[in-house]
Amino acid sequence: MQLFSGDTPLFLAPMAGVTDYAFRTVCAQHGADVTVTEMVSSRALVYQDRKSRGLLRRNEGSLCGAQIFGNDPAMMAEAAQIAVGISGCDFLDINMGCPMPKIANNGDGSALMRDIPLAGRIIRAVADAVSVPVTVKTRLGWDRSCPSAVALARAAEENGAAAITIHGRTKAMLYSGRADWDAIGEVVRAVSIPVIANGDISDPEQLLRCRAHSGASLFMAGRAAFGDPWLFERLRAALRGKTPPELPPLADRVDTALQQFALALEDKGEHIACLEARKHFAWYLRGVPHSGFYKEQISNISAFSDIERLAKEIKRDLR
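Residues numbered from 1 in each chain as written. Predicted model: local features only at pLDDT ≥ 70, side-chain atom pairs only at ≥ 80, totals over all residues. Heavy atoms only, no water.

(A) Geometry of the nonpolar core. Among the nonpolar cores identified, the biggest contains 75 residues, and L92, I94, M96 and F232 are the most heavily contacted of them. In contact with L92, not counting residues within four places along its chain, are A66, I68, A80, A83, V84, V126, V132, P133, V134 and T135. In terms of nonpolar packing, the next biggest core, distinct from the first, is built from 26 residues, A22, F261, A273 and L285 among them. (Core = buried A, V, L, I, M, F, W, Y, C linked by side-chain atoms within 4.5 Å. Buried < 20%, exposed > 50% of the residue type's maximum accessible area, 1.4 Å probe, protein only. Contact = heavy atoms within 4.5 Å.)

And the structure:
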């Protein structure tokens, strides 16, 4: 089933603790064609963990996928059905690339890059269990001595995956070093399903270099979007051969932050929304001259009234 095309080239990467309903909604409003939830444990879903279910709220304004992880085909299939039922998602994404030790050392995430047959069985079980397209997100391999992206991509295609995302780093690299877009290009040439290129797509120039090296036509941005949902507007302009727009004035950026925090308040309640607003608000102020005083205050936010007060003061005092 063809899900993505040149009309939907820009993806917001799933990132634990970041890509919640509020942030995904704001990114969709500013040009992200596709968003993906934070990854959710298949075990937690099957065991009816309430917090995990809450992560699967679908945002409007973009195609939206629900991402799950695990290493047991039967449990992954059951969790996939639950995730689709809760979220009403457009597609179901399987995480086979998370490099964090607490995930990989449990046999989940990037550990599956070292067991291609098991990865294939998981993909087949999930694809057979749900009616929406199934996608996979992975990396180049466990380390440089064990490149497995091409083999995993072929297994994904053979077992019913509709697309695959390749982060151009190995598990061992975590987020250090440079993404290898040429290696992503090997995957693009090896399979007929869409390949989404991920890694170091931080600005329009990098996006165009990634396209030239990888031959991909679909692109996923992650950490560069922290506090900067307008990144997707700039990336879209570059893909269309147009001059990327400048960042909006600070006052408009602060208003967008307020909108995001209001969505989080409605979704999670004041306590959790305010705790998480601390990092997001600081990200919105990255690179703003003389913002250190306000970043210090932001680190102590405990009520939505604090957010509104600080927003008003920032718009008054900073540019």
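That covers the picture; the talk isn't over yet.
(B) Layout of the packing of aromatic side chains. Per the counting criterion, the structure on display carries seven aromatic pairs. For the ring pair F4 and F91, a centre distance of 5.2 Å and an interplane angle of 90° mean the geometry is edge-to-face. Of this pair, F4 sits in the segment before strand 1 (10-12) while F91 sits in strand 5 (residues 91-96); the two residues are 87 residues apart in sequence, bridging distant segments of the chain. Neither residue differs from the other here; F4 and F91 are each classed as buried. (Phe/Tyr/Trp six-rings, centres within 6.5 Å; stacked < 30°, edge-to-face > 60°. Helix = DSSP H or I, 4+ residues; strand = E, 2+ residues; numbered from the N terminus.)

(C) View of the pattern of salt bridges. For the structure on display, the rule yields 13 salt bridges. The partner of E266 in a salt bridge is R57, and the shortest N-O contact between them spans 3.1 Å. Separated by 209 residues along the polypeptide, E266 in helix 11 (residues 250-268) and R57 in the loop between helix 3 (50-54) and strand 4 (63-69) bring together distant segments of the chain. A salt bridge links D255 to K315; its shortest N-O distance comes to 2.8 Å. Linking D255 in helix 11 with K315 in helix 14 (residues 304-317), this pair joins segments that are 60 residues apart in sequence. Connected through salt bridges with shared partners, the residues D20, K268 and E276 form a single ionic network. (Salt bridge = Lys/Arg side-chain N within 4 Å of Asp/Glu carboxyl O.)

(D) Spatial organisation of helix 4 (residues 73-87). Here helix 4 spans 21 Å end to end across 15 residues, near enough to the 21 Å set by a 1.5 Å rise per residue. Here helix 4 has its buried residues at M75, M76, A77, A79, A80, A83, V84 and S87. (Expected span 1.5 Å × (residues − 1).)

(E) How the structure looks around the packing of helix 7 (residues 149-158) against helix 8 (residues 181-190). Packing of helix 7 against helix 8 leaves a shortest axis separation of 9 Å and a crossing angle of 30°. Compared by their axis directions, helix 7 and helix 8 come out roughly parallel. Classified by chirality, the crossing of helix 8 by helix 7 is right-handed. Between helix 7 and helix 8, the contacting residues are A149, V150, A153 and R154 on the first element and E186, V187 and A190 on the second. Split by residue class, the contact of helix 7 with helix 8 holds five nonpolar, no polar and two charged. (Axes fitted to C-alpha atoms, helices over the stretch in contact; angles between N-to-C directions. Parallel < 35°, antiparallel > 145°, perpendicular 65-115°, else oblique. Left-handed = near helix turned anticlockwise from the far one by under 90°. Nonpolar A, V, L, I, M, F, W, Y, C, P; charged D, E, K, R; others polar.)

(F) Quick look at the layout of surface pockets. For the largest pocket, the calculated volume is near 860 Å³. As for the largest pocket, its lining consists of 37 residues, of which P14, M15, A16, C98 and Y175 are closest to the centre. Ranked by residues supplied to the lining of the largest pocket, first place goes to strand 6 (residues 134-139) with three residues. For the lining of the largest pocket, the per-class residue count stands at 17 nonpolar, 12 polar and eight charged. Space inside the second largest pocket adds up to approximately 330 Å³. (1 Å grid on protein atoms, 1.4 Å probe; cavity = no way out; pocket = protein on both sides within 12 Å on 5 of 7 lines; lining within 4 Å. Points joined across faces, edges and corners; volume = space filled by probe spheres on them.)

(G) Examining the environment of G241 more closely. On the secondary structure map, G241 appears in the loop between helix 10 (231-239) and helix 11. On a C-alpha basis, the gap between G241 and W230 in space is 17 Å, while along the polypeptide they are 11 residues apart.

(H) Seen up close, empty space enclosed by the protein. By the definition in use, this model includes two cavities of 30 Å³ or more. Space inside the largest cavity adds up to approximately 50 Å³. Taken together, D20, A22, Q260, F261, A264, K268, A273, E276, A277 and H280 make up the lining of the largest cavity. Residue composition of the lining of the largest cavity, by class: five nonpolar, two polar and three charged. Taken together, F4, F11, V36, F91, D93, T135, T165, I196 and M220 make up the full set of residues lining the second largest cavity. The residue makeup of the lining of the second largest cavity, split by class, is six nonpolar, two polar and one charged.

(I) Seen up close, the pairing of strand 8 (residues 195-198). The alternating pattern of strand 8 places V195 and A197 and I196 and N198 on opposite faces, both of which are buried. Relative to strand 8, strand 7 (residues 163-167) runs parallel, the two sharing four bridges. If you follow I166 over to strand 8, its bridge partner there is A197. Viewed along the sheet, the connection from strand 7 through helix 8 into strand 8 turns out right-handed. This β-α-β element, strand 8 to helix 9 (residues 204-214) to strand 9 (residues 218-221), shows right-handed connectivity. (Pairing = 2+ DSSP bridges. Right-handed = clockwise from strand over helix to strand, strands pointing away.)

(J) Highlighting the side chain of S291. Structurally, the position occupied by S291 is in the loop between helix 12 (270-284) and helix 13 (292-298). A relative accessible area of 3% means that S291 is categorised as buried. Of note is the side chain of S291, whose polar atom sits 2.8 Å from the backbone oxygen of V288. (Polar contact = N/O pair within 3.5 Å; in protein donor to acceptor, adjacent residues only side chain to side chain.)

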